Number of protein chains: 2
Amino acid sequence: MEKQTKENLIYKGRIITLYNDEVLCSNGRLAKREYVHHNGGAAILAVKDDEILLIKQFRYPYRKEIYEIPAGKIEIGEDPYETALRELEEECGYKASTLVNLGSFYPTCGYSDEVIYLYLAKEYEKTSTHFDEDEEIEAEFVKIDDALKMIKDGTIKDSKTIIAILKYVNSLY
Amino acid sequence: MEKQTKENLIYKGRIITLYNDEVLCSNGRLAKREYVHHNGGAAILAVKDDEILLIKQFRYPYRKEIYEIPAGKIEIGEDPYETALRELEEECGYKASTLVNLGSFYPTCGYSDEVIYLYLAKEYEKTSTHFDEDEEIEAEFVKIDDALKMIKDGTIKDSKTIIAILKYVNSLY
């Protein structure tokens, strides 16, 4: 156990807030804990027959395009289920009737409190995309077997994408 | 593509550095990109017969103990393989002779450049632990089938732990 003895807000940004809190460890020592607050994300594995929907998107932290499943940030007060429905339509132009819960996970527990909620979409219909003005997204259906090869050879490296695909193929939901 | 037009260092901490850069998007607009630089991590799935080694550790961002595999931050200039060997011994007191590469992944691509490298340890011997002074870690061997149940029911939520176990059981390495 560690108890917060002082909250230290370092920076409040648009998507992340940084703290460097002072904590009392159970050995009686004081220590500092740097971490990011993020409101959480929701991601959707859209399945059709033996294929899944992948998007390719430029991610500035890595300075390159990476493969992901559709996802987005949970707005304050928003249910992750609604975030998932909204992002599937905004990013890929698919409107799902219902989503199946694939569980949630902690992407990087050492320095962030983010929780990512995963959903499975099996029934959805084409509508139209509504990108944010500075988003550029390419979407494509990929055979599940090919997606597994892409995980194996490192073409797919994004955590939510790997976890959603592997929970789905192993029926861990 | 997005090109950096201005680097904005917000905060340089012990484990994370925060930037809020200005970028030029391919649509010609300027935008801001908040992200964290982290030097990367290395994690080890230690396997013995049909069991794997899990640790339970208090994680301040979530204000609770969570299940993980042994892992640690890559020091500047350190090879992730060496980080993995070092952390397995420091956190759990096991000295491995060799490690098998399980690939790498991006924990949270929207706002961090962290890469986590995964390794599989099959042969190792007991030495002694060397915790950092404010670390408290419990380690235990858990049957792989039970670990899969813990992923399914949400007891295991840590990304590196889920990905290492599921890559291992699906032979995706």
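Note that the coordinates shown come from a computational prediction; the quantities given were computed from them, not determined experimentally.

Looking at this model, I keep getting lost on the side chain of Asn 20 of chain A. Mind explaining?
Here Asn 20 of chain A lies in strand E3 (residues 17-25). Separated by 3.2 Å, the side chains of Asn 20 of chain A and Tyr 11 of chain B make a polar contact. Residues in contact with Asn 20 of chain A, not counting those within four places in the same chain, are Asn 8, Ile 10, Lys 32, Arg 33 and Glu 34 of chain A together with Tyr 11 and Arg 14 of chain B.

Looking at this model, I keep getting lost on the environment of Ala 147 of chain B. Mind explaining?
Residues and elements named next belong to chain B. If you trace the backbone, Ala 147 turns up in helix H2 (residues 144-152). In this structure the C-alpha to C-alpha distance between Ala 147 and Ile 52, which are 95 residues apart in sequence, comes to 8.1 Å. When residues no more than four places from it in sequence are discounted, the contact partners of Ala 147 are Ile 52, Val 142, Ile 156 and Ile 165.

Help me understand the nonpolar core, please; the structure alone is not making it clear to me.
Inside soluble globular proteins, nonpolar side chains tend to come together where they are buried. In this structure, Leu 45 and Ile 156 of chain A together with Leu 45 and Ile 156 of chain B are the most contacted members of the largest nonpolar core, which totals 54 residues. Beyond its immediate chain neighbours, meaning those up to four positions away, Ile 156 of chain A contacts Leu 54, Tyr 67, Ala 147, Met 150, Ile 151, Thr 161, Ile 162 and Ile 165 of chain A.

I would appreciate a short explanation of the relation of the copies chain A and chain B in the present structure.
Superposition of the two copies of the chain requires a rotation about an axis and a shift along the axis. Here chain A sits on chain B after a turn of 180° about the axis and a move of 0.0 Å along it, with an RMSD of 0.0 Å. In symmetry terms, the pair is related by a two-fold rotation axis. Relative to the rotation axis, the C-alpha of Pro 107 of chain A is the closest in chain A, positioned 2.5 Å from it. When the interface residues of chain A are mapped onto chain B, 100% of them are again interface residues, pointing to one common binding face.

Would you take a moment to explain unusual backbone geometry for this structure?
What is expected of a backbone is that most residues other than glycine have negative phi and most peptide bonds are trans. Residues and elements named next belong to chain A. The residue Asp 49 is not glycine, and still its phi comes out positive at about 55°. Note on placement: Asp 49 falls in the loop between strand E5 (41-48) and strand E6 (51-59). Residues other than glycine seldom take positive phi values, yet Ser 171 does so here, at roughly 50°. With respect to the secondary-structure elements, Ser 171 resides in the segment after helix H3 (159-169). For Ser 171, a relative accessible area of 45% puts it in the partly exposed group.

Hey, could you run me through the pairing of strand E7 (residues 64-68) of chain B in this one?
On a regular strand, one side chain projects to one face of the sheet and the next to the other, so that they alternate. All names here are of chain B. As judged from the 5 bridges shared by strand E6 (residues 51-59) and E7, these two strands associate in the antiparallel manner. Across the sheet, the residue bridging to Phe 58 is Glu 65, located in E7. What sits between E6 and E7 in their antiparallel hairpin is a turn of 4 residues, with Arg 63 showing a positive phi close to 55°.

Cut-off values and rules
- Residues numbered from 1 in each chain as written.
- Chains lettered and ligands numbered in written order.
- Predicted model: local features only at pLDDT ≥ 70, side-chain atom pairs only at ≥ 80, totals over all residues.
- Heavy atoms only, no water.
- Helix = DSSP H or I, 4+ residues; strand = E, 2+ residues; numbered from the N terminus.
- Polar contact = N/O pair within 3.5 Å; in protein donor to acceptor, adjacent residues only side chain to side chain.
- Contact = heavy atoms within 4.5 Å.
- Core = buried A, V, L, I, M, F, W, Y, C linked by side-chain atoms within 4.5 Å.
- Buried < 20%, exposed > 50% of the residue type's maximum accessible area, 1.4 Å probe, protein only.
- Least-squares fit on C-alpha atoms with pLDDT ≥ 70 in both.
- Pairing = 2+ DSSP bridges.

Just distances and angles here, no functional claims.
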